[in-house]
Amino acid sequence: MPGYAVLATHSTAQAAPEQGAASAVVQLLDEAGAAQGPAVVLSGDQLAGFVRDVEARRPRWVWARTADWYPGLLAAGCTVERACDLALSRTILRHSTAAAETGYTVGLRSGEADREDADPAALPPARIPENQDALFSEPRDERTSVEAVAAEFLEQQRAVPATPRGRRLQLLLAAESAGALVAAEMRHHGIPWRPDVHEALLAGALGPRVAPGARPARLEEVAVELRAALRAPGLNPDSPQELLRALHRVGVDAKSTGQWELREYSHPALEVLQRYKKLSRLHTANGWAWLDAWVHDGRFRPEYVVGGVVTGRWASRGGGALQIPHTIRDAVRPDDGHLLVVADAAQLEPRILAALGRDNGLADAARGRDLYQGIADQGFGGDRSHAKIAMLGAMYGSTTGEAGRLMPQLTRTFPQAIGVLERAARTGEAGGVVGTYLGRCSPAASERWLAGQRATSAEEQRRADGAARTRGRFTRNFVVQGTAAEWALCWLAEIRLRLRAARAAGRDDGELVFFLHDEVMLHVPAEAAERVSAMVQEAAERAAVLMFGRIPVQFPVGVVVVGSYADAK
DNA sequence: ACGGGCCGCGCG
DNA sequence: AAAGCGCGCGGCCCGT
């Protein structure tokens with residue numbers, strides 16, 4: 001019974017099956033990390049079949065990058081239950097203060113390792129190719145051999161101490177790797193997208209389709225209207241500079257053409273400009289060109305970048321997957337006989353803050369579905385909008401305006417929770433590192449930043465103080481955003497486990513197809529929708545217990561079953 | 001002609 | 001109501 005199955009491109013101990021052929025090597029390890037038999041050398045077309053056979057024994061797969069191996073396996077119809085992504089784990093461990101005493105991070109954490117020009121010899125297996133094609137054409141670098149991958153895995157295991165902090169870090173590593181599997185699977189399945197609905201929507205707003213580079217009829221009409229309203233016949237409305245000059249000429253003395261600033265001014269042209277910008281945005285960001293580039297065979301398959309944000313949130317590459325505007329969400333439609341289950345965590349970050357601060361008052365406020373009303377009832381005389389401004393301002397580090405004025409009131413009402421934020425801010429301002437609940441750490445202050453803090457002149461001091469406050473706002477937000485991202489990873493992993501369990505029991509409960517920070521979408525057979533809705537709720541409860549144990553903070557999830565993503569909110 | 005930086009706006 | 005956090009992307013702008 002193998003504990004682990006290590007997958008790599010080659011072995012330093014064995015020759016490839018034939019020169020130049022795509023190949024892979026699998027080495028089974030027992031629970032203690034000892035090799036079980038010799039490594040198995042496979043040609044590319046043997047790989048998926050072999051993985052499927054080994055998967056029946058439920059090992060934990062260990063590979064350099066999930067994104068290098070799993071898409072190919074999925075394409076061959078093969079899924080795995082559990083895997084360890086060494087690159088993602090390495091990034092977390094390298095910055096972790098919990099792993100700092102164990103040796104794994106020695107010589108890696110003092111800012112050196114983060115620089116591109118750092119000595120590569122000082123790093124663990126580096127230069128892992130971006131994708132499988134590159135892998136097979138790479139020279140057989142011994143740092144990507146199955147022996148090296150196994151060695152790094154064991155080294156990473158040893159880097160996690162057997163302490164409460166270490167166990168949380170272990171959970172983070174597991175959740176991050178599970179996330180990598182989910183990301184590959186979501187891309188494989190794709191978001192169901194109806195090009196006909198999208199095109200109808202574009203035609204309705206912009207007019208008939210035009211060639212790339214041309215301005216659609218409706219957009220050109222608004223441009224003509226705008227030029228008239230600004231009395232600027234030659235105006236290119238896409239040029240912020242020309243626009244600003246034209247605005248100045250009609251008495252709008254704004255410093256930029258951003259909508260938040262123009263809101264302060266009153267002029268008949270501003271409404272026209274607003275309409276132009278909305279239409280232009282639709283055309284350039286999510287118009288016909290976008291549809292051609294990103295939607296194929298009725299699916300939008302964005303690439304998710306797990307851990308792409310320092311806080312642990314995902315990023316995406318291609319198609320702006322995490323910015324699908326509400327205006328085009330109607331094009332997201334389930335296949336025949338299917339429905340979309342869309343779930344989002346209600347006011348996740350303040351609830352996370354309540355958990356971080358073990359703040360019973362805030363936990364009480366979070367009891368109901370509407371946390372901000374709860375806060376309002378406890379400390380703001382029932383004024384929900386004040387409560388929301390104050391809480392968001394506290395988490396983002398707002399000091400001015402209404403949010404600033406409301407802060408003392410918030411601090412008096414929830415001293416434990418606000419204390420967490422203030423401590424994180426002070427640490428960041430002083431150049432220190434903060435960590436999430438599970439132990440993802442913020443980046444260390446750069447040499448450049450530290451040098452800036454050693455100010456001499458008054459002007460330099462002013463800039464240094466500004467830089468310190470900026471960093472403080474980042475670390476303040478990091479603990480909340482990062483811990484929320486951890487909760488979301490656990491939620492995803494729990495959902496995935498339940499979908500696999502259903503499948504193993506002979507049920508089709510559908511697939512995860514989209515994830516957006518605190519929101520998930522599943523594409524499910526219609527008859528499964530109610531069952532899956534309940535499952536997603538249960539997974540959320542389980543995620544909270546997994547992370548925080550039994551605490552009095554609730555993490556309610558809003559779930560809707562819809563026939564169009566536009567109906568989800 | 002190319003590309004890095006900035007602006008502006010979409011999402012949470 | 002305020003403009004405080006984290007991103008990606010398309011277009012413009014300007015240096016090379």
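Residues numbered from 1 in each chain as written. Chains lettered and ligands numbered in written order. Predicted model: local features only at pLDDT ≥ 70, side-chain atom pairs only at ≥ 80, totals over all residues. Heavy atoms only, no water.

**Concerning the protein's contact with DNA strand B**
With respect to spatial proximity, 21 residues lie near DNA strand B, and among them Thr-257, Lys-277, Gln-323, His-326 and Asp-518 are the closest. Within 4 Å of the protein, the contacting atoms of DNA strand B are 79% sugar and phosphate, with bases supplying the remainder. Arg-329 is positioned with one of its side-chain polar atoms (N or O) 3.2 Å from a sugar or linking oxygen of DNA strand B. In this structure, a sugar or linking oxygen belonging to DNA strand B sits 2.7 Å away from a side-chain N or O atom of Asp-518. (Near = heavy atom within 4 Å. Polar contact = N/O pair within 3.5 Å; in protein donor to acceptor, adjacent residues only side chain to side chain.)

**Overview of the sheet that holds strand 14 (residues 557–562)**
Strand order in the open sheet made by the four strands is 12-13-11-14, with antiparallel pairing throughout. The sheet terminates laterally at strand 12 (511–515) and strand 14, the two strands that pair on one side only. Recorded for the sheet is a direction-independent mean angle of 20 degrees between the axes of neighbouring strands. Here helix 6 (residues 164–189) sits on the sheet and contacts strand 12 and strand 13 (519–525); the angle it forms with strand 12, its principal contact strand, is near 100 degrees. (Pairing = 2+ DSSP bridges. Helix = DSSP H or I, 4+ residues; strand = E, 2+ residues; numbered from the N terminus. Axes fitted to C-alpha atoms, helices over the stretch in contact; angles between N-to-C directions. Contact = heavy atoms within 4.5 Å.)

**So, the environment of Ala-203**
The topology assignment puts Ala-203 in helix 7 (residues 195–206). For Ala-203, a relative accessible area of 38% corresponds to the partly exposed category. The spacing of Ala-203 and Arg-218 is 15 residues in sequence and 9.3 Å in space, taken between C-alpha atoms. (Buried < 20%, exposed > 50% of the residue type's maximum accessible area, 1.4 Å probe, protein only.)

**Here's the deal with the sheet that holds strand 3 (residues 40–43)**
Strand order in the open sheet made by the five strands is 3-2-1-4-5, with mixed pairing throughout. At either end of the open sheet lies a strand with only one pairing partner, and these are strand 3 and strand 5 (83–85). In this sheet, neighbouring strand axes are inclined to one another by 25 degrees on average, regardless of whether the strands run parallel or antiparallel. Pairing analysis gives four bridges linking strand 2 (residues 23–29) to strand 3, with the strands arranged antiparallel. In the sheet register, Ala-24 faces strand 3, and the bridge partner there is Leu-42.

**Points about the packing of helix 8 (residues 217–230) against helix 11 (residues 268–286)**
Each pair of packed helices can be described by the angle between their axes along with the distance between the axes. As a packed pair, helix 8 and helix 11 sit with axes 9 Å apart at the nearest point and diverge in direction by 155 degrees. With respect to their mutual orientation, helix 8 and helix 11 come out roughly antiparallel. The element helix 8 and its partner helix 11 pack so that their crossing is left-handed. Mapping the contact onto sequence places Arg-218, Leu-219, Val-222, Ala-223, Glu-225, Leu-226, Ala-229 and Leu-230 in helix 8 and Ala-269, Val-272, Leu-273, Arg-275, Tyr-276, Leu-279, Ser-280 and His-283 in helix 11. By residue class, the composition of the contact of helix 8 with helix 11 is 11 nonpolar, two polar and three charged. (Parallel < 35°, antiparallel > 145°, perpendicular 65-115°, else oblique. Left-handed = near helix turned anticlockwise from the far one by under 90°. Nonpolar A, V, L, I, M, F, W, Y, C, P; charged D, E, K, R; others polar.)

**Let's talk about the domain arrangement of chain A**
Once the domains are mapped, chain A shows domain 1 (4–189), domain 2 (195–292), domain 3 (301–348 + 486–568) and domain 4 (350–479). Using C-alpha coordinates to define each centre, domain 3 is positioned 28 Å away from domain 4. Counting residues at the interface gives 19 residues for domain 3 and 24 residues for domain 4. Around 1900 Å² of area is buried between domain 3 and domain 4 when both sides are counted, 61% of it from carbon and sulfur atoms. (Domains from an automatic or database assignment. Buried area = accessible area lost by both parts, 1.4 Å probe.)

**Comments concerning the protein's contact with DNA strand C**
In the vicinity of DNA strand C lie 27 residues, with Ser-239, Gly-318, Gln-323, Thr-400 and Glu-402 positioned nearest. The contact atoms of DNA strand C, taken as those within 4 Å of the protein, divide so that sugar and phosphate hold 82%. For DNA strand C, a sugar or linking oxygen lies 2.7 Å from a polar atom in the side chain of Glu-402. Between DNA strand C and the protein, one listed contact pairs a sugar or linking oxygen with a side-chain N or O atom of Arg-473 at 2.9 Å. Residue assignment for the surface near DNA strand C shows that the elements contributing at least two residues are helix 9 (240–249), helix 11, strand 10 (315–317), helix 16 (384–396), helix 17 (401–413) and helix 20 (458–504). In terms of residue count, helix 20 provides more of the surface near DNA strand C than any other element does, four residues in total.

**Points about the side chain of Glu-176**
Residue position: Glu-176 is located in helix 6. Note on Glu-176: relative accessible area 2%, which makes it buried. Of the polar contacts made by the side chain of Glu-176, one reaches the side chain of Arg-440; its length is 2.8 Å.

**Focus: helix 6**
Across its 26 residues, helix 6 extends 37 Å between first and last C-alpha, which sits within 8% of the 38 Å expected from 1.5 Å per residue. The first or second residue beyond helix 6 is Gly-190, which carries a positive phi of 85 degrees. (Expected span 1.5 Å × (residues − 1).)

**Quick word on the confidence of the model for chain A**
Confidence along chain A averages 90 in pLDDT terms, with 92% of residues attaining 70 or more. Within the model, pLDDT remains below 50 along residues 106–139, and this stretch shows 50 contacts once partners closer than five positions in the same chain are excluded. (pLDDT = per-residue confidence, 0-100.)

**A few points about the pattern of salt bridges**
A pair can form between side chains of opposite charge whenever their charged atoms are brought close. This structure, assessed with the given rule, holds 35 salt bridges. Three or more residues joined by partner-sharing salt bridges are found here, namely Glu-55, Arg-58, Glu-81 and Arg-500. (Salt bridge = Lys/Arg side-chain N within 4 Å of Asp/Glu carboxyl O.)

**Description of the packing of helix 16 against helix 17**
Packing of helix 16 against helix 17 brings their axes to within 8 Å, and their N-to-C directions diverge by 90 degrees. Classed by the angle they form, the pair helix 16 and helix 17 counts as roughly perpendicular. In this structure, helix 16 contributes His-386, Ile-389, Ala-390, Met-391, Gly-393 and Ala-394 to the contact, and helix 17 contributes Glu-402, Ala-403, Leu-406, Met-407 and Leu-410. Residues of the contact of helix 16 with helix 17, tallied by class, amount to eight nonpolar, two polar and one charged.

**A few points about the packing of aromatic side chains**
The description of two aromatic rings rests on the distance between their centres and on the angle between their planes. Inspection of the entire model under this criterion finds 13 aromatic pairs. Between the aromatic rings of Trp-487 and Trp-491, the centroid separation amounts to 5.1 Å while the plane-to-plane angle is 35 degrees, which identifies the pairing as tilted. One end of the pair is Trp-487 and the other is Trp-491, both in helix 20 and four residues apart, which spans about a single turn. Owing to a relative accessible area of 0%, Trp-487 belongs among the buried residues under this scheme. These aromatic residues form a ring-pair network of at least three members: Tyr-437, Trp-487, Trp-491, Phe-548 and Phe-555. Positioned above the aromatic ring of Tyr-437, the side-chain terminus of Arg-168 is 4.9 Å from the ring centre. (Phe/Tyr/Trp six-rings, centres within 6.5 Å; stacked < 30°, edge-to-face > 60°. Lys NZ or Arg CZ within 6 Å of the ring centre and 35° of its normal.)

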